[in-house]
Amino acid sequence: NKPAAEVVELLQLCMASNLELPLVPPRSCPVAAVPVLAASDLPAARVLAVQIIQERELAESSRETLKMLTGDPCPVVQFAAQLLWAALVEDTEEAAAAAAAAA
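Quick summary incoming for the structure in this document. (Residues numbered from 1 in each chain as written. Predicted model: local features only at pLDDT ≥ 70, side-chain atom pairs only at ≥ 80, totals over all residues. Heavy atoms only, no water.)

**Comments concerning the overall build of the chain**
Counted only if it meets this: Here a strand is any run of E in DSSP of at least two residues, a helix any run of H or I of at least four, and the numbering for each starts at the N terminus. Throughout, exposure labels follow a simple rule: accessible area from a 1.4 Å probe, protein chains only, divided by the maximum for the residue type, with under 20% read as buried, over 50% as exposed, and the rest as partly exposed. It only takes one pair of heavy atoms within 4.5 Å for two residues to be counted as in contact. We get accessible surface area from the Shrake-Rupley algorithm with a probe of 1.4 Å; when it comes to residues, only the shown protein chains can shield them. Charge counting follows a simple rule: Lys and Arg are positive, Asp and Glu are negative, and His as well as the terminal groups are ignored. By convention, charge coordinates are those of NZ in Lys, CZ in Arg, CG in Asp, or CD in Glu.
Scanning the chain from terminus to terminus reveals five helices and zero strands. For the chain, the α and β elements follow one another from N to C terminus as α-α-α-α-α. Along the three orthogonal principal directions, the C-alpha set of the chain runs to about 55 × 30 × 20 Å. Out of the 103 residues in the chain, the part that is buried amounts to 35%. Across the chain, contacts joining residues at least 24 apart in sequence account for 55% of those joining residues at least 6 apart. Entry remark: accessible area of the chain is about 6300 Å², with carbon and sulfur atoms responsible for 60%. Across the chain, the 6 positively charged side chains and the 13 negatively charged ones have centroids separated by 4 Å.

In structure tokens, the structure reads:
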């Protein structure tokens, strides 16, 4: 996957040169980059992973990644992931309640 490979190269360049991750609009990142970003040593990359999950509405398909980020050592990443996780759980509970009421 070429776009995901480009994300890997960008992360490697930032790490090797001790640079901050440039601002990247979440919608411009490939979905395949989410696991790569989530596993990065750069907190900004992990926050970007949460943003992509949220903006692309990937919470269900990226559930394990999001759950992992709720325990992130960086408080900013952890907070962002926990907020999205709470919204996902709330939406799931509401959907289950609606399905039970409709049955």
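Don't stop here, the text continues.
**Let's talk about the environment of Leu-19**
Tracing the sequence through the fold places Leu-19 in the loop between α1 (2-17) and α2 (34-38). Residue classification places Leu-19 among the partly exposed residues on the basis of a relative accessible area of 45%. Residues Leu-19 and Met-68, 49 residues apart in the sequence, show an inter-C-alpha distance of 25 Å.

**Topic: unusual backbone geometry**
You will see that Asn-18, though not glycine, has its phi angle at about 55°, which is positive. Looking at where Asn-18 falls in the secondary structure, it is placed in the loop between α1 and α2.

**Observations regarding the pattern of salt bridges**
Put simply, the rule is: Only one rule defines a salt bridge in this text: a Lys or Arg side-chain nitrogen within 4 Å of an Asp or Glu carboxyl oxygen.
For the structure shown, the criterion picks out two salt bridges. A salt bridge links Arg-27 to Glu-55; the shortest N-O distance between them is 3.9 Å. Of the two residues, Arg-27 is situated in the loop between α1 and α2 and Glu-55 in helix α3 (residues 43-55); the sequence distance between them amounts to 28 residues. Across the salt bridge formed by Arg-46 and Asp-72, the nearest N and O atoms sit 2.6 Å from each other. Of this pair, Arg-46 sits in helix α3 while Asp-72 sits in the loop between α4 (63-69) and α5 (75-102), and the two are 26 residues apart along the sequence.

**Looking at the state of the cysteines**
Selection criterion: Here, two cysteine sulfur atoms that lie within 2.5 Å of each other are counted as a disulfide.
Evaluation of the coordinates by the stated rule reveals zero disulfides. Of all cysteine sulfurs, the one in Cys-14 lies closest to Cys-74, which takes part in no disulfide; the gap is 16 Å.

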